[in-house]
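An overview of the molecular structure
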Amino acid sequence: MNIHQPQYVNGHGLLKGRSVLITAAAGAGIGFSAAKRAVEEGCRSIVISDVHEGRLQAAVEQLRADTGLEQVAGKLCNVADEEQVQALIAFAEDFCGGVDVLINNAGLGTTKALIDMEDAEWDRVIDVTLGGTMRMTRQMMRTMKTRGEGVIVNNASVLGWRAQKEQSHYAAAKAGVMALTRCAALEAAEFGVRINAVSPSLAVHPMLKKSAPEDLLAELEGREAYGRGAEVWEVANVMIFLASDYSSYLTGETISCSSQRA
Ligand SMILES: NC(=O)c1ccc[n+]([C@@H]2O[C@H](COP(=O)([O-])OP(=O)(O)OC[C@H]3O[C@@H](n4cnc5c(N)ncnc54)[C@H](O)[C@@H]3O)[C@@H](O)[C@H]2O)c1
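Each chain has its residues counted from 1, running along the sequence as written. Two thresholds apply to this predicted model, a pLDDT of at least 70 for residue-level local features and 80 or more for giving and counting side-chain atom pairs, whereas whole-chain, interface and lining totals are computed over all residues. Only hydrogens and water are set aside when side-chain values are computed; all heavy atoms of the structure are taken into account.

One heavy atom within 4 Å of a molecule or strand makes the whole residue count as near it. The local shell around the ligand holds 30 residues, among which Asp50, Asn155, Tyr170, Ala203 and His205 are the closest. Glycine 29 is positioned such that a nitrogen or oxygen atom in its backbone is 2.9 Å from an oxygen atom of the ligand. Between an oxygen atom of the ligand and a main-chain N or O atom of asparagine 105, the distance comes to 2.8 Å. Accessible surface is estimated by sampling points in the Shrake-Rupley manner with a 1.4 Å probe; for residues, cover comes only from the protein chains shown. Bound to the protein, the ligand loses 89% of the 830 Å² it would expose on its own. Throughout this description, a polar contact denotes any pair of N or O atoms lying within 3.5 Å of each other; where both atoms belong to protein, one of them has to be capable of donating a hydrogen while the other can accept it, and for residues adjacent in sequence the pair is counted only when both atoms sit in side chains.

Take a look at the structure:
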């Protein structure tokens, strides 16, 4: 097997008949890829959400065109806003007739040395990345509890474990996502809901290439044993595994998607 040229994995029905909700799914990265993989794995309906209105509509159309699934809806949501989170989950519950799988993909960062960090920048990264995951998880747990089933998959980052300069806010937020995953999973286990997280190291996509300095990306790719970042769908595949019955005895865990040691 040539590990440098992974083959796209076709669907095996891992999410057959399920309904799925994904945040931050209108970008060029992991979120949209996870939506596509979920449909390819047989989900019956899907709601994709994002804070960017124009890209969201385009993503809905793209997903329908790529997969042929009609039961696709888009709903604007800034995960930093509690009202919008509640409206998103109410919409998705209604559209899908109950959400089986929630993928909390939303998270963002900046590059800033701690000594230059303003409170506003720290707060924004924490509020979207950790606060958004908490708000979505809390509201989804409330509705999943009434049905006594459901799965939540959070998107963390290896920076939740590992140090990198100019990433203290983002790393702190992602470490928080891992802790939230562990603690919420204990509570959710009491009513039949599983919660896990994926922790990617690097998944290169066009938007990341635009925003991250070229030399930093090259350095990060160089740290990978495979000599490359993951394809976004390789991270999405781990999410699909965590969302599927193949991970039925797994909760509160964070799984690294990386070719280097955590
Ligand atoms: N790409 C990587 O190398 C990498 C590595 C580790 C972790 N992650 C995590 O993976 C997730 C996805 O990142 P990605 O780089 O694959 O991009 P992505 O395309 O999956 O996500 C970007 C999208 O997030 C949306 N978004 C931003 N703020 C939002 C908000 N407040 N509410 C709702 N949506 C919002 C943007 O509009 C954009 O469409 C993030 O949580 C990120 O921290 C990514």
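Don't stop here, the text continues.
A word on the packing of aromatic side chains. Under the pairing criterion, centres of Phe, Tyr and Trp rings, with the six-membered ring standing for Trp, must be within 6.5 Å; the plane angle then separates stacked pairs below 30 degrees from edge-to-face pairs above 60, leaving the rest tilted. Under the defined criterion, the tally for this structure stands at 2 aromatic pairs. When the ring of tyrosine 8 is compared with that of tryptophan 233, the centres are 5.1 Å apart and the planes differ by 70°; the resulting orientation is edge-to-face. With tyrosine 8 in the segment before β1 (19-22) and tryptophan 233 in helix α8 (residues 232-243), this residue pair connects regions lying 225 residues apart in the sequence. Each residue is placed in one exposure class: buried if its accessible area under a 1.4 Å probe, protein chains only, is under 20% of its type's maximum, exposed if it is over 50%, and partly exposed if it falls in between. Taking relative accessible area as the criterion, tryptophan 233 reaches 13% and is therefore assigned buried. Look at phenylalanine 91 and phenylalanine 95: their rings are 6.0 Å apart centre to centre, the planes differ by 10°, and that puts the pair in the stacked class. Labels follow the DSSP assignment, with helices taken as runs of H or I lasting at least four residues and strands as runs of E lasting at least two, numbered in each case from the N terminus.

Not every positive phi belongs to a glycine, and alanine 24 is a case in point at roughly 50°. Within the secondary structure layout, alanine 24 lies in the loop between β1 and α1 (30-40). The phi torsion at glutamate 166 lies on the positive side, around 65°, for a residue other than glycine. Tracing the backbone through its elements, the reader meets glutamate 166 in the loop between β5 (150-155) and α5 (168-189). Judged by its relative accessible area of 40%, glutamate 166 falls in the partly exposed class.

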